Amino acid sequence: MMQEMDYDADRAWYDHEEEHGTMFSADNCLGDDASFRINKTAKLTRQDGTRMTLAQTKRLSHITAENARWEDSQLCRSGAVRRTGVQTEFDDENERRVTLLVHDTKPPFLDGQAVLSEQTEPVTPLKDPTSDMAIIARRGSLLVREIREKQSMNKSRQRFWELAGSKLGDILGVEKTAEQVDTDTSVVGGFKEKLKFSQHMEEKAEAVSDFAKSKSLSEQRQYLPIYAARDDLLEVVRENQVVVVIGETGSGKTTQLTQYLHEDGYTRTGLVGCTQPRRVAAMSVARRVSEEMGTALGDEVGYAIRFEDVTCPNTKIKYMTDGVLLRETLKDADLDRYRVIIMDEAHERSLNTDILFGILRKVVARRRDFKLIVTSATLNADKFSKFFGGAPVFHIPGRTFPVNILFSKTPCEDYAEAAVKQAMAIHITSGHGDILIFMTGQEEIEAACYALAERMEQLVSSSTKPVPNLLILPIYS
């Protein structure tokens, strides 16, 4: 009984210490309660209001964690959720890097062809603003910049010294001459007429080559390659509503095809229209055809470009740009005025031509008396033929002139300056002929012409030998 009483007393003492948050230690002998008493504030309360001991709290949290793990395992086993790893460590270098994945996709027209190169690794793009191409692109053409500055200075100087008619000129007593008064009245009265191309196109150009001087216009027409295929071409046009004509440059398809259709009687019930991708081509071809037919420009043969329509009710053959014909389709969707439409230079794909192809295909389906002829200088005519339901392809046997391609040994920093120098070198060293220079805009064309004229003047004044003449003709498309 004494042992049981001692055991109960000890147990009561331990329980009392556990409830009040104290812990027995050997330091209790010192009598300092602050050194060994630990304040346990993390106690839980049951639903009935009684407090839980620390051991009971640990046991309950362990049971809760076990239940949570069991629920997670059951969810994963049933397939409702999936275990995934979460990356808690991030690298700043990996965040800055960009990876491009290259997919080896092939378009339909390359199916079955072997690919010699394969790209298996990601491509790292590199943009170097200090490269030669980037520097040249930022600088631009120094020649164009110099010509622009000279022209602006000349304009400002001319405005400054033009005192006639101004208030300062009236004060100083400067009066206009009779020629200046006449020019002012003519410009005020008909300045729009001066801007039209029809007056310039009416001026007949003289023949330059020996062939043009020795042969008449009818004989020149017979020397074209299309003349030998005239009957076969007209027969194909009669039998089919849509025809694709392939001919080399210079075969005569642009100037002769419209005349063949006119001679075959297609212009009795409507117009024969021919579209051109550029305004200069439409005007020059219309002028040439009018000369070959022996009629005035604007009578039986005319042209229509933006802001200028040189046609009349007697017009049978009409040359125009793609935009003009597209504008006419807005007013007349079926193109009832036209009997035949020739889409010339179809390989020069543009937005207007692509829209016209879709419109003309619907016109061909609605009108059985309508003829459509698509001409091109390239041999890739299958896409045009398939677009119009398997239209026949007619090839014009033509001659091709040999072309030699020469490249510069070093990269050209100023392409305009290099073009002018090369033109001067060809003009001085080569014989009689023509030089054609392609530029990217009107300003560069004018700058090149201005530079050529300046250098020709310097060459003529400084050279002791006779220098061949150079006729500079700027052409804007």
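For the structure, see preceding data.
Conventions used here
- Residues numbered from 1 in each chain as written.
- Predicted model: local features only at pLDDT ≥ 70, side-chain atom pairs only at ≥ 80, totals over all residues.
- Heavy atoms only, no water.
- Buried < 20%, exposed > 50% of the residue type's maximum accessible area, 1.4 Å probe, protein only.
- Helix = DSSP H or I, 4+ residues; strand = E, 2+ residues; numbered from the N terminus.
- Patch = residues over 30% accessible without salt bridge, like charges linked within 9 Å, V, L, I, M, F, W, Y side chains within 5 Å.
- Areas by Shrake-Rupley, 256 points an atom, 1.4 Å probe, with all protein chains shown as cover.
- Salt bridge = Lys/Arg side-chain N within 4 Å of Asp/Glu carboxyl O.
- Axes fitted to C-alpha atoms, helices over the stretch in contact; angles between N-to-C directions.
- Parallel < 35°, antiparallel > 145°, perpendicular 65-115°, else oblique.
- Left-handed = near helix turned anticlockwise from the far one by under 90°.
- Contact = heavy atoms within 4.5 Å.
- Nonpolar A, V, L, I, M, F, W, Y, C, P; charged D, E, K, R; others polar.
- Core = buried A, V, L, I, M, F, W, Y, C linked by side-chain atoms within 4.5 Å.

Undergrad: Can you help me understand the pairing of strand 7 (residues 371-376) in this one?
TA: Side-chain positions along a regular strand alternate between the two faces of the sheet. Counted residue by residue, strand 7 has six buried out of six residues, so it is predominantly covered. Burial of strand 7 is two-sided: the residues K371, I373 and T375 facing one way and the residues L372, V374 and S376 facing the other way are all buried.

Undergrad: Just to check I follow, could you spell out a nonpolar patch on the surface for this structure?
TA: Where nonpolar side chains cluster on the molecular surface, the patch consists of V403, I405 and F407 and spans about 410 Å² of accessible area. Counting through the fold element by element, F407 comes out in the loop between strand 8 (393-396) and helix 18 (415-429). We classify F407 as exposed; its relative accessible area is 72%.

Undergrad: What am I meant to see in the packing of helix 15 (residues 322-331) against helix 16 (residues 351-366) here?
TA: Helix packing geometry: the angle between the two helix axes and the distance between the axes. Contact geometry of helix 15 with helix 16 gives a least axis separation of 9 Å together with a crossing angle of 40°. Between helix 15 and helix 16, the angle is such that the two are oblique. Remark: the crossing between helix 15 and helix 16 carries left-handed chirality. Counting all contacts with helix 15, which are made through D322, G323, L325, L326 and T329, the residues of helix 16 involved are N352, T353, I355, L356 and I359. For the contact of helix 15 with helix 16, the per-class residue count stands at five nonpolar, four polar and one charged.

Undergrad: What exactly am I supposed to notice about the nonpolar core here?
TA: Formed by 32 residues in total, the largest nonpolar core has its most connected members in L261, Y303, Y319, I342 and I373. Broken down by element, this core gets its largest block of residues, five residues, from helix 14 (residues 279-293). When neighbours within four sequence positions are excluded, L261 is seen to be in contact with L234, V237, Y266, T267, V272, V340, I342 and I373. Listed in part, the 26 residues of the second largest apolar core include A304, F357, V364 and A381.

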